[in-house]
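What follows is each chain in one-letter form.
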Amino acid sequence: MEHQVFVPVPADDLRAVLRDPARTARCVPGLQRDADTAADGGGDGGPVAGRLRLRVGSASVTYRGTLAVTERDPEHFTARGEGSEVRGTGTATFAAGLILAPHEGGTRLEFTLAATADGRAAAFDAEVLTTAVGRLLDRLCANLAEAAGPGKPEEAAGEEGDGPGAAGPSVFDTEVPPPSLDPFLDEGFPDLPDFAGLPELDGIGEGAGPDAAVPADPTAPANPPAEAAHARRTMIGRSAEEVDHAPPRGRYAPVPAPSSGAGGPAMRWIAPAAALALASAVVVGRALRRRR
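Owing to the predicted nature of the structure, the values given are computational and were not obtained by experimental measurement.

Criteria and thresholds
- Residues numbered from 1 in each chain as written.
- Predicted model: local features only at pLDDT ≥ 70, side-chain atom pairs only at ≥ 80, totals over all residues.
- Heavy atoms only, no water.
- Helix = DSSP H or I, 4+ residues; strand = E, 2+ residues; numbered from the N terminus.
- Buried < 20%, exposed > 50% of the residue type's maximum accessible area, 1.4 Å probe, protein only.
- Areas by Shrake-Rupley, 256 points an atom, 1.4 Å probe, with all protein chains shown as cover.
- Core = buried A, V, L, I, M, F, W, Y, C linked by side-chain atoms within 4.5 Å.
- Contact = heavy atoms within 4.5 Å.
- Pairing = 2+ DSSP bridges.
- Salt bridge = Lys/Arg side-chain N within 4 Å of Asp/Glu carboxyl O.

For this particular structure, what's the right way to read the overall build of the protein chain?
The helix and strand tally for the protein chain stands at nine helices and seven strands. Burial statistics for the protein chain: of 292 residues in total, 21% are counted as buried. For the protein chain, the computed accessible surface area is about 21700 Å², with 58% contributed by carbon and sulfur atoms.

Below, the structure written as structure tokens:
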């Protein structure tokens, strides 16, 4: 298939991104690089290994394989990739050619793609598969244009050279502003009158402390009812969870199920009578056999 996309970015900036395997891999939608290749930035121009998730219609297929981008000349790049299904036995290979054609206000990217696949990808409709690949190339070009924008090379170099902590200051280094009530508390309460000279306030703080006696409630009854005393005795020493899950009492208490093992007075003589009848039958049977 052939596909063309226009991006408002100069060809030289796009060429700088395509020459860097790590930056190119970050622009491929659905590509997740392996830890070893992501750590060294994609190697010295070698292939990038990882997983590629391709969405086709309402389904998706994930491949594990490698991707390599090669520069044939300043305006011509080629890409080759191969992979196998993560959940299946299908395989896929592709070879793509990319031409950077300068255009008024930007660059026109011309793709020529040839691919072979078996497994799940071979069962998809050709038109649906072509639409999915075209959408993937559109997103790829948009990511390339964003990566080639102003200031992007410096940011990418800083991320790869200085590590994750060099992107900006740490959150813990940020100065925390004082609470909004601090200035108000520092200034005090100048508008409030002075209550220090009121005789009604004398002796309020006297005797205050952890061992000070708490005044009794005048509204509390002298002798609590028996129900309250019983409830207090049952609650003391029990946790809140035990109290919440305690079974109801009184008229709402559950009725115990009748015991299946309890028998009445009739069961006491049924068993001996049955044993006596069985023994009598055995004796009578033996007597009849002797007479014969």
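How should I be thinking about the nonpolar core in this particular structure?
Generally speaking, soluble globular proteins have nonpolar side chains that are buried together. Judged by nonpolar contacts, the single largest core of 25 residues is most densely connected at Val7, Leu14, Leu109 and Leu144. Of all the secondary-structure elements, those providing two or more residues to this core are strand 1 (2-7), helix 1 (11-18), strand 5 (76-85), strand 6 (91-103), strand 7 (106-117) and helix 4 (126-147). The element best represented in this core is helix 4, accounting for seven residues. Here Leu14 is in contact with Val7, Val9, Leu100, Thr107, Leu109, Leu144, Ala145 and Ala148, once residues within four sequence places are set aside.

What is the right way to look at the pairing of strand 1 in this model?
The side chains of a regular strand alternate between both faces of the sheet. Across the two faces of strand 1 the burial differs, with His3, Val5 and Val7 buried and Glu2, Gln4 and Phe6 not buried at all. Two elements, strand 1 and strand 7, share six bridges in a ladder whose sense is antiparallel. Residue pairing in the sheet places Val7 in a bridge with Thr107 of strand 7.

Can you help me understand the pattern of salt bridges in this one?
One side chain can pair with another of opposite charge once the charged atoms of both are near each other. Inspection of every chain in the model, using the stated rule, returns four salt bridges. One salt bridge connects Arg19 with Glu71, and the closest N-O pair in it is separated by 3.0 Å. Within this pair, whereas Arg19 is found in the loop between helix 1 and helix 2 (21-27), its partner Glu71 is found in strand 4 (residues 59-73), the two being separated by 52 residues in sequence. Between Arg108 and Glu110 there is a salt bridge, with its nearest N and O atoms 3.0 Å apart. A residue is classified by how much of its surface remains accessible, and Arg108, at 26% relative accessible area, is partly exposed.

Please clarify how the side chain of Thr24 should be interpreted in this entry.
Here Thr24 is to be found in helix 2. Setting aside residues up to four positions removed in sequence, Thr24 forms contacts with Val17, Leu18 and Val69.

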